[in-house]
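# Structural overview for review
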Amino acid sequence: MLIVMLLPNSRTEPDGSAVIRVLSHNIRSMRDDTEALARVIRACAPDLVLVQEAPRFFRWRKKLARLAAAADLVILTGGATAAGPAILCSLRATVERTEDVLLPLTPGLHRRGLATAVVRFGGARLGVVSCHLSLNAQERYDQAGVLLDRLAGMGVEHAVTGGDLNEGPDGPAFRRLADSLQDGWATAPWGAEATWTSTGPHRRIDALFATRDVEILGCGVPLGLPGVTEADLKASTDHRPVLAALRVSALVL
């Protein structure tokens, strides 16, 4: 299903509340067409990018910094230090703190982690977590619980999280998150739904979630957004990205 309508641009309101754009994208360690990847990210004009499968090995920081610069962004946190998840941001963000978290390792399975940050846009304060859940169903479910605990312990009223969940909305880990948070696509569908694979999308295994007090103005694959082409979506990586516009109210002191 493709739902095309105007997605709000980023802005700060007179009362200090903020409209922000958040993008989640599995970039497959930048093994594909990085110029196409940068074009897709840049066209989405995000304030925050939740990255999965960021480069983790030789010169990984330089590779991720090159992508950030090509997309008019900077590295906020994560990468190899979070076992793959990372966060990029625009210069609009004021960074309060960051933390990379390694999740418990199950022998024989890939190490997973979380890239986390607290940022401000205008008078709005927001917790941010990028995740990439396990291929193993039980570990994936447990990691969803750790993610929820991490969000609850960040000391923020508003938060957004997202990433590659490795299962669809009918899966137990996905449902665990959706029971506690707003599922962006289910709440305010925009663009297209399916994220996997980039060349033949038929499943929604990538998602963005927000706490209940964040207003989701639109969320989905940015197909039809000016500057985002089918060719670039296919060439850039093996997942399609998820873009959301959120309204976050100002911090009440």
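In what follows, the accompanying structure is described. (Residues numbered from 1 in each chain as written. Predicted model: local features only at pLDDT ≥ 70, side-chain atom pairs only at ≥ 80, totals over all residues. Heavy atoms only, no water.)

## A word on the overall build of the protein
A count of helices and strands for the protein gives 6 helices and 15 strands. Over its C-alpha atoms the protein spans a radius of gyration of 16 Å, differing by no more than 12% from the 18 Å that the globule rule assigns to 253 residues. C-alpha extents for the protein along the principal axes are approximately 50 × 40 × 35 Å. For the protein, the proportion of its 253 residues judged to be buried stands at 56%. A sequence separation of at least 24 residues applies to 73% of the contacts in the protein between residues at least 6 apart. As presented, the protein carries roughly 10300 Å² of accessible surface, and 54% of it is formed by carbon and sulfur atoms. Taken as two groups, the 28 positive and 27 negative side-chain charges of the protein have centres that lie 5 Å from each other. (Helix = DSSP H or I, 4+ residues; strand = E, 2+ residues; numbered from the N terminus. Rg over C-alpha atoms; globule rule 2.2 N^0.38 Å. Buried < 20%, exposed > 50% of the residue type's maximum accessible area, 1.4 Å probe, protein only. Contact = heavy atoms within 4.5 Å. Areas by Shrake-Rupley, 256 points an atom, 1.4 Å probe, with all protein chains shown as cover. Lys, Arg positive; Asp, Glu negative; His and termini not counted. Charge placed at Lys NZ, Arg CZ, Asp CG, Glu CD.)

## As for empty space enclosed by the protein
Inspection of the entire model under this criterion finds 2 cavities of 30 Å³ or more. Along its surface, the largest cavity is lined by 13 residues, and Trp185, Arg204, Asp206, Gly220 and Val242 are the ones closest to its centre. Sorting the residues of the lining of the largest cavity by element identifies strand S13 (206–210) and strand S14 (215–220) as the ones contributing at least two each. A per-element tally of the lining of the largest cavity places S13 first, with 3 residues. Taken as a whole, the second largest cavity holds about 30 Å³ of empty space. Listing elements by their share of the lining of the second largest cavity, those giving two or more residues are S13, S14 and strand S15 (242–248). Examining the composition of the lining of the second largest cavity, we find that 3 residues originate from one element, S13, more than from any other. (1 Å grid on protein atoms, 1.4 Å probe; cavity = no way out; pocket = protein on both sides within 12 Å on 5 of 7 lines; lining within 4 Å. Points joined across faces, edges and corners; volume = space filled by probe spheres on them.)

## Points about the layout of surface pockets
The space that makes up the largest pocket amounts to roughly 160 Å³. Contributing to the lining of the largest pocket are 12 residues, with Met5, Leu6, Leu7, Leu225 and Pro226 lying nearest its centre.

## Considering the sheet that holds strand S10 (residues 159–164)
Strand order in the open sheet formed by 6 strands is S7-S8-S9-S10-S13-S11, and the pairing between neighbours is mixed. The strands lining the two open edges of the sheet, one partner per strand, are strand S7 (94–102) and strand S11 (182–183). Of the pairings in the sheet, the one linking S10 to S13 comprises 5 bridges and is antiparallel in character. Paired with valine 160 across the two strands is alanine 210, which belongs to S13. Across the sheet, helix H3 (residues 137–152) is in contact with S7, strand S8 (113–121), strand S9 (124–132) and S10; its angle to S9 comes to roughly 165°. Sheet contacts for helix H4 (residues 172–180): S11 and S13; angle to S13, the most-contacted strand, approximately 25°. (Pairing = 2+ DSSP bridges. Axes fitted to C-alpha atoms, helices over the stretch in contact; angles between N-to-C directions.)

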